[in-house]
Amino acid sequence: MSEIPRRAVRRTARLAALPLGYAGRTALGFGRRMGGASAESVLSEVQQRTAEQLFRTLGELKGGAMKFGQALSVFEAALPDELAGPYREQLTKLQDSAPPMPTMTVREILARELGADWKQHLVELDPMPAAAASIGQVHRGRWSDGRDVAVKVQYPGSAEALTSDLRQLSRVARGLGPLVPGLDVKALIAEVQARAVEELDYQLEAEAQRGFAAAFADDAAYVVPDVVADAGTVLVTEWMDSRGSLARVIAEGTQDERDHLGELFLRFMFEAPGRTGMLHADPHPGNFRQVVDPDGGPDRLGVLDYGAVARLPERSLPASMGSLIRIAMLEDYDQLVESLRAEGFIRDKIRLDPAALRTYLGPFLEPASVETFHFSRAWMQEQFQRVQDPRTDAYSTMLRLNLPPSYMLIHRAFAGGIGVLSQLEARVPFRRILEETLPGFAG
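Student: How should the overall build of the protein be read in this particular structure?
Tutor: The helix and strand tally for the protein stands at 19 helices and 13 strands. Counting every position in the protein, which comprises 443 residues, the buried fraction comes to 53%. For the protein, contacts bridging at least 24 residues in sequence account for 72% of all contacts bridging at least 6. Only carbon and sulfur atoms are counted for the fraction: they give 53% of the accessible area of the protein, which is about 19300 Å².

The following block contains the structure:
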């Protein structure tokens, strides 16, 4: 598979086949159970084959299909272990790779976007992609001034494929539900749709990356490659050497690596808005890299991909966000109900019992209640299952809450960030980071 398959009928058929494939494997498994096979072996085989088909299809189709798969991968930690196990390896592969497009296609795009003399600027280009994502792939090269660069080239047909895929995924969302039990697939697809068009605009991405690069220039803890050139569907940035992405640390990192990089990751999420006026809103592990310090100091965190950022009107996270968490930490839930209503989290005609709100929010505040909190898959699973179970009070309370439009991307980014910390199994000083970085929290 060398390019995005652009024919709508072909892409639609492959996406529509996902729930059908799961149904077929389930029926086959039932037949094997009738023949005497153990429930555990049948369930394991069904899940393994489902995971392979799901993420192989999403990865090969790229476009909106792969973008949905990457968004899905952030929440892997929320799935129960018996369900998540077969998915984990496929998810990790999807975060960092996809089938490449032909070298000739890449060169044609470079000539079209950078001009016929593009080789005078980009004097070297590795024909093999160093990385691939949902709408583009990255090649290593050398710029005329001697700098090593990363050349991101958008796949032909990305815009139409992205739109078509997400429309089709939305149609089959109900059928995809059983493939990833417990996740609201339709809501996740809606989130991806909401930011899809922005991510196709490499000029907008270049503008955001320049802002982050300037704010974090010469930072002791973070590396943000600066933009070298951008035009149309090509973005050239400085190259960043690394030991690998957080996906590697999730798979095989030491506890010290998990804790150190987890803390840097969390601090970046909270610090960047105050330094740049923007929030990096695509927190999947492939976008964050473990960078060895050239002077022998602690590893730094490299941050890539600025296609999805929230541009914050106050040029920082809202002070109301910090004050709401502070009020909840003080256990003043009567005041919290009033404050949530004033901020639009509770609609005017909705009545919400403060005690029910305490039951719902209390466990979410655990990370800020202790000096160091150990994020884990078990904790993430417990919270996720608690609010997704229609039989619980937490579920009914959740349905009474409203998410204001200004918080949509902020909520998605931090929910994804908590998912990454839980995958890392990181121990971080969450409360101290809030006190130092979140407006309104320290009072």
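Student: Please clarify how the side chain of E205 should be interpreted in this entry.
Tutor: Following the sequence through the fold, E205 ends up in helix α10 (residues 202–215). Setting aside chain neighbours within four positions, we find E205 in contact with K152, L235, D305, Y306 and G307.

Student: Can you walk me through the sheet that holds strand β10 (residues 300–303) in this structure?
Tutor: Paired through backbone hydrogen bonds, the strands of a sheet run either parallel or antiparallel to each other. Pairing is mixed across the open sheet formed by three strands, whose spatial order is β5-β10-β9. Across the chains shown, the open sheet's two edge strands, defined by having one partner strand only, are β5 (222–223) and β9 (288–291). As defined by bridge partners, β5 adjoins β10 across two bridges and the pair is classed as parallel. Residue pairing in the sheet places V223 in a bridge with G302 of β10. Along the sheet, helix α12 (residues 255–276) contacts β5, β9 and β10; its crossing angle with β10, the most-contacted strand, is approximately 50 degrees.

Student: How should I be thinking about the packing of aromatic side chains in this particular structure?
Tutor: For any pair of aromatic rings, geometry is given as the distance between the ring centres together with the angle between the planes. For the structure shown, the criterion picks out 15 aromatic pairs. Summarising the aromatic geometry, the rings of F265 and F288 are spaced 4.9 Å apart at their centres and angled 80 degrees between planes, so their arrangement reads as edge-to-face. Here F265, found in helix α12, pairs with F288, found in strand β9; they are 23 residues apart in sequence, far enough to count as distant. Neither F265 nor F288 differs from the other in exposure class; each is buried. The interplanar angle of 40 degrees and the centroid separation of 4.8 Å between the aromatic rings of F270 and F414 together place this pair among those described as tilted. Placement of the pair is F270 in helix α12 and F414 in helix α18 (residues 408–424), with a sequence separation of 144 residues. Taken as a pair, F270 and F414 share a single burial class, namely buried. Ring-pair connections join several aromatic residues into one group, and the members of that group are F212, F216, Y222, F265, F268, F288 and Y306.

Student: I would appreciate a short explanation of the pairing of strand β7 (residues 234–238) in the present structure.
Tutor: Working note: regular strand, side chains alternate between the two faces of the sheet. In terms of residue burial, β7 counts as a mostly covered element, since four of its five residues are buried. As paired elements, strand β4 (residues 148–154) and β7 share five bridges and run antiparallel to each other. Paired with K152 across the strands is L235, a residue of β7. Direction of pairing for strand β6 (residues 227–231) relative to β7: antiparallel, over a ladder of four bridges. The residue bridging A231 from the neighbouring strand is V234, located in β7.

Student: For this particular structure, what's the right way to read the environment of A319?
Tutor: For A319, the position within the fold is in helix α13 (residues 319–329). Here A319 falls in the partly exposed class, since its relative accessible area comes to 37%. The spacing of A319 and P439 is 120 residues in sequence and 4.6 Å in space, taken between C-alpha atoms. If we skip the residues at most four places from it in the chain, A319 touches E314, P439 and G440.

Student: In this structure, what is going on with unusual backbone geometry? I would like to understand it.
Tutor: The phi dihedral of D305 falls on the positive side, at around 65 degrees, and the residue is not glycine. With respect to the helices and strands, the residue D305 is situated in the loop between β10 and β11 (309–311). Here R315, not a glycine, exhibits a phi torsion of approximately 55 degrees, which is positive. Position of R315 among the secondary structure elements: in the loop between β11 and α13.

Student: Explanation requested: the packing of helix α15 (residues 354–361) against helix α17 (residues 393–400) in the structure shown.
Tutor: The angle between the axes and the distance between the axes are what describe a pair of packed helices. Between α15 and α17, the shortest axis-to-axis distance is 9 Å and the interhelical angle comes to 105 degrees. In terms of orientation, α15 and α17 fall into the roughly perpendicular class. Across the interface between the two elements, A356, L357 and Y360 from α15 touch A394, T397 and M398 from α17. For the contact of α15 with α17, the class distribution of residues is five nonpolar, one polar and no charged.

Student: Teacher, can you tell me more about the environment of K152 here?
Tutor: With respect to the helices and strands, K152 occurs in strand β4. Under the relative-accessibility criterion, K152 is labelled buried at 15%. In this view, K152 contacts Q137, V138, Y202, E205, T233, V234, L235 and D305; residues no more than four positions away in its chain are not counted. At 2.7 Å, the side chain of K152 forms a polar contact with the side chain of E205.

Student: Explanation requested: helix α5 (residues 103–114) in the structure shown.
Tutor: Since one α-helical turn is 3.6 residues long, residues separated by three or four positions face the same way. The terminal C-alpha atoms of α5, which comprises twelve residues, lie 16 Å apart, in line with the 16 Å expected from a rise of 1.5 Å per residue. Of all the residues in α5, the buried ones are T105, V106, I109, L110 and L114. Each buried residue of α5 lies within a common arc of 135 degrees when the element is viewed along its axis, so the set occupies one face. In this structure, α5 carries M104 and R112 as exposed residues pointing more than 90 degrees from its buried face. Considering only its buried residues, α5 is in contact with α6 (118–121), β1 (122–125), β3 (136–143), β4, β6 and β7. At the C-terminal side of α5, G115 shows a positive phi close to 105 degrees.

Student: Is there a simple way to think about the pairing of β3 in this case?
Tutor: In terms of burial, β3 is largely enclosed, as six of its eight residues are buried. Two strands pair when backbone bridges link them, and strand β2 (residues 131–132) and β3 are joined in this way by two bridges, in the antiparallel orientation. The residue bridging A132 from the neighbouring strand is Q137, located in β3. The pairing of β3 with β4 spans seven bridges and is antiparallel.

Scoring rules and cut-offs
- Residues numbered from 1 in each chain as written.
- Predicted model: local features only at pLDDT ≥ 70, side-chain atom pairs only at ≥ 80, totals over all residues.
- Heavy atoms only, no water.
- Helix = DSSP H or I, 4+ residues; strand = E, 2+ residues; numbered from the N terminus.
- Buried < 20%, exposed > 50% of the residue type's maximum accessible area, 1.4 Å probe, protein only.
- Contact = heavy atoms within 4.5 Å.
- Areas by Shrake-Rupley, 256 points an atom, 1.4 Å probe, with all protein chains shown as cover.
- Pairing = 2+ DSSP bridges.
- Axes fitted to C-alpha atoms, helices over the stretch in contact; angles between N-to-C directions.
- Phe/Tyr/Trp six-rings, centres within 6.5 Å; stacked < 30°, edge-to-face > 60°.
- Parallel < 35°, antiparallel > 145°, perpendicular 65-115°, else oblique.
- Nonpolar A, V, L, I, M, F, W, Y, C, P; charged D, E, K, R; others polar.
- Polar contact = N/O pair within 3.5 Å; in protein donor to acceptor, adjacent residues only side chain to side chain.
- Expected span 1.5 Å × (residues − 1).
- Arc of directions from axis to C-beta.

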